[in-house]
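# Observations on the three-dimensional arrangement
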Amino acid sequence: MNGKITVLLILLAGMAILLGTAGYLLPEHKKNTDRYYFQNSAGAVLFDHQFHTEQAEECAVCHHPLLLSSEKNECSMCHDPEMSPEYFEHADLIEIPGHSCVTCHAVSDSRSPQNCRSCHQKGNTSGQLIISCDNCHDDSYNPESFSHDDLVDIHEASCEGCHNARGTDEAYHQQCNRCHRKEAEDRFVVKNEIQCNMCHLK
Ligand code: HEC
Ligand code: HEC
Ligand code: HEC
Ligand code: HEC
Ligand code: HEC
Ligand code: HEC
Ligand code: HEC
Ligand code: HEC
């Protein structure tokens, strides 16, 4: 009888340790999981992170804060010497087929990937996306005189002072669909319309 109890106790203790360890490991694991399942009112979205990592040139294609290196590739690295960024709006440069952020921006590895939701939050983001320097400074500072990297360092990596980051849905829709339009048009786009049910499961 004693023997049985001992065995039971050992089993229970073993299970407790296993459960305890699992409980301790799970939150970490969940973060690095290969798949994300986003629950929302338009229908859950299953996002295969591992698969997508293989589709992109660099993590920074999606995790853009990694980009904030002051080094840039000159257009002339790939184009005629006459090609110049001055002829374009930045937003248009991003839309050109054959380009992604890492085509032109060197990747800085001083910052690691973060959850999109830590900056892009649900709900209202109306208003100006970039807040002017003279909101806080009397000196007539001009963003062009600084690299973005320096601006971030000076302001201790807080983005909110200068940005009113767009909402989660818009951030996802814009980033995910920009790439699908380029790389998977046959499946995601019908008559120039993005197919909602490619992502939103009903
Ligand atoms: C196609 C876009 C895409 C690519 C490429 C990509 N990621 Fe992600 N990553 C995401 C999305 C979306 C999430 C989920 C964030 C959320 O829940 O808001 C995420 C989450 C993460 C997280 C968890 C962050 C947290 O705190 O929850 C880490 C770490 C991460 N990615 C690292 C990487 C690394 C390293 C690479 C390159 C090897 C990479 N990612 C490539 C889109 C991408
Ligand atoms: C790392 C290489 C690379 C860099 C750097 C680069 N581009 Fe491109 N660019 C490409 C590729 C590849 C294409 C696609 C060509 C195609 O599909 O025929 C392209 C296409 C374009 C096009 C479309 C019209 C055309 O000539 O094919 C424009 C406009 C353009 N790039 C502007 C720029 C500007 C402006 C810069 C600098 C701010 C720049 N690119 C930097 C590689 C690059
Ligand atoms: C075709 C090249 C090209 C592509 C693609 C591109 N950029 Fe840029 N980017 C530039 C150039 C050139 C500048 C500096 C001139 C300017 O401000 O217009 C710049 C400026 C910036 C700045 C301002 C701060 C700085 O360092 O000067 C940020 C932040 C930035 N880009 C982020 C991005 C992100 C995020 C993406 C992808 C979504 C992206 N860029 C795609 C060429 C590019
Ligand atoms: C550290 C904060 C931060 C994180 C983390 C972050 N963003 Fe952003 N994002 C910004 C800021 C600031 C801007 C500039 C203001 C704006 O355009 O909303 C921006 C701009 C954008 C834009 C518009 C510019 C462009 O690239 O076309 C998209 C789309 C976007 N983010 C998507 C994402 C996605 C998807 C993730 C996660 C994979 C992510 N962001 C993670 C802060 C962040
Ligand atoms: C939300 C308020 C806010 C905005 C907007 C802002 N800054 Fe700042 N900035 C600060 C604060 C606060 C400091 C002091 C930081 C410290 O000393 O730790 C600072 C410091 C600086 C410094 C260091 C020298 C000095 O005057 O203290 C420079 C340079 C600077 N900012 C440039 C800019 C530029 C360029 C812009 C616009 C692109 C800008 N800032 C937008 C709040 C802001
Ligand atoms: C001191 C002000 C300042 C701070 C702090 C700052 N930014 Fe910016 N950011 C700017 C300005 C100004 C631009 C536009 C620059 C340009 O287009 O030349 C910009 C552009 C961007 C863009 C490109 C937007 C687009 O649509 O092309 C992204 C992405 C971005 N910032 C992300 C971030 C993130 C993430 C952080 C925090 C880690 C951050 N920024 C902190 C001033 C700031
Ligand atoms: C770097 C480009 C790129 C980005 C960014 C991107 N995707 Fe994709 N995605 C792809 C490619 C390529 C496929 C494969 C299409 C095919 O099989 O023809 C795909 C397929 C998918 C599929 C369909 C899987 C299937 O076969 O049924 C879903 C769902 C999806 N992506 C969700 C997302 C979400 C959500 C985001 C944003 C968080 C995102 N993707 C961002 C390139 C991208
Ligand atoms: C590339 C994949 C993808 C496609 C295609 C897509 N969505 Fe989304 N959608 C998302 C993601 C990711 C979210 C954010 C989910 C979250 O916040 O957890 C989202 C969020 C939403 C939300 C917000 C729901 C809420 O609860 O706040 C609505 C509404 C929405 N999408 C509608 C649409 C419509 C309409 C279409 C077609 C025109 C569409 N989506 C196409 C990925 C996609």
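Remember, it's a predicted structure, so these values are computed and weren't measured experimentally. (Residues numbered from 1 in each chain as written. Chains lettered and ligands numbered in written order. Predicted model: local features only at pLDDT ≥ 70, side-chain atom pairs only at ≥ 80, totals over all residues. Heavy atoms only, no water.)

### Focus: the pattern of salt bridges
Summed over all chains, the structure comprises 6 salt bridges. One network of salt bridges, with partners in common, ties together Arg-111, Asp-149 and Asp-153. (Salt bridge = Lys/Arg side-chain N within 4 Å of Asp/Glu carboxyl O.)

### Comments concerning the site of ligand 6
Lining the immediate surroundings of ligand 6 are 13 residues, of which His-90, His-148, Cys-159, Cys-162 and His-163 lie closest. Between ligand 6 and the protein, one listed contact pairs a nitrogen atom with a side-chain N or O atom of His-148 at 2.8 Å. Counting residues per element, the shell around ligand 6 draws most heavily on helix 5 (residues 148-154), which supplies 3 residues. (Near = heavy atom within 4 Å. Polar contact = N/O pair within 3.5 Å; in protein donor to acceptor, adjacent residues only side chain to side chain. Helix = DSSP H or I, 4+ residues; strand = E, 2+ residues; numbered from the N terminus.)

### Things to note about the side chain of Arg-111
Summarising the element assignment, Arg-111 is placed in the loop between helix 4 (101-104) and helix 5. Judged by relative accessible area, which is 18%, Arg-111 ranks as buried. Within the structure, the side chain of Arg-111 is placed 3.0 Å from the side chain of Asp-153, a separation counted as a polar contact. The residues contacting Arg-111, other than those within four sequence positions of it, are Pro-65, Leu-66, Leu-68, Asp-149, Val-152 and Asp-153. (Buried < 20%, exposed > 50% of the residue type's maximum accessible area, 1.4 Å probe, protein only. Contact = heavy atoms within 4.5 Å.)

### Re the site of ligand 5
Surrounding ligand 5, one finds Ser-132, Cys-133, Cys-136, His-137, Tyr-141, Pro-143, Phe-146, Leu-151, Ile-154, His-155, Gly-161 and Cys-162. Between ligand 5 and the protein, one listed contact pairs a nitrogen atom with a side-chain N or O atom of His-137 at 2.8 Å.

### Describing a nonpolar patch on the surface
On the surface, Tyr-37, Leu-46 and Leu-201 cluster together into a nonpolar patch covering about 300 Å² of accessible area. Within the element layout of this structure, Leu-201 appears in the segment after strand 4 (193-194). Exposure remark for Leu-201: the relative accessible area of 42% places this residue in the partly exposed category. (Patch = residues over 30% accessible without salt bridge, like charges linked within 9 Å, V, L, I, M, F, W, Y side chains within 5 Å. Areas by Shrake-Rupley, 256 points an atom, 1.4 Å probe, with all protein chains shown as cover.)

### Considerations on the coordination of the iron atom of ligand 5
Summarising the metal site, the iron atom of ligand 5 is bound by the protein donors His-137 (NE2) and His-155 (NE2), whose distances to it range over 2.0 Å. Around the iron atom of ligand 5, the 6 donor atoms are arranged such that angles at the metal cover 87 to 178°; this shape is classified as octahedral. Pair noted here: His-137 is in the loop between helix 4 and helix 5 and His-155 is in the loop between helix 5 and helix 6 (168-183), with a separation of 18 residues, a long-range link. The class for His-137 is partly exposed, based on a relative accessible area of 29%. His-155 gets classed as partly exposed once you look at its relative accessible area, which sits at 34%. (Donors = N, O, S within 2.8 Å, 3.2 Å for Na, K, Ca; no water. Tetrahedral: all angles 85-135°; square planar, octahedral: opposite > 155°, others 65-115°.)

### A short note on the coordination of the iron atom of ligand 2
The iron atom of ligand 2 binds to the protein through His-79 (NE2) and His-99 (NE2); the donor distances cover 2.0 to 2.1 Å. Around the iron atom of ligand 2 sit 6 donor atoms, and with donor-metal-donor angles ranging over 78 to 178° the site reads as octahedral. Linking His-79 in the loop between helix 2 (49-55) and helix 3 (90-95) with His-99 in the loop between helix 3 and helix 4, this pair joins segments that are 20 residues apart in sequence. The class for His-99 is buried, based on a relative accessible area of 18%.

### Brief notes about the packing of aromatic side chains
If you walk through the whole model with that rule in mind, you get 4 aromatic pairs. Their ring planes at 25° and their centres at 6.0 Å tell us that Tyr-36 and Phe-38 sit as a pair that is stacked. Judged by relative accessible area, Tyr-36 falls into the partly exposed class, the value being 24%. Under the relative-accessibility criterion, Phe-38 is labelled buried at 17%. (Phe/Tyr/Trp six-rings, centres within 6.5 Å; stacked < 30°, edge-to-face > 60°.)

### What about the pairing of strand 1 (residues 35-38)?
Along a regular strand, successive side chains alternate from one face of the sheet to the other. Sheet analysis places strand 1 next to strand 2 (residues 45-48), joined by 4 bridges and oriented antiparallel. When the sheet's bridge partners are listed, Phe-38 is paired in strand 2 with Val-45. Once strand 1 ends, the chain turns through 6 residues before running back antiparallel as strand 2, passing Gly-43 with a positive phi of about 115°. (Pairing = 2+ DSSP bridges.)

### Some details on unusual backbone geometry
Notably, Lys-191 is not glycine yet its phi reads approximately 50°, a positive angle. Mapped onto the elements of the fold, Lys-191 is located in the loop between strand 3 (189-190) and strand 4. Of note in this structure, Asn-192 is not a glycine but carries a positive phi near 65°. With respect to the helices, strands and loops of the structure, Asn-192 is situated in the loop between strand 3 and strand 4.

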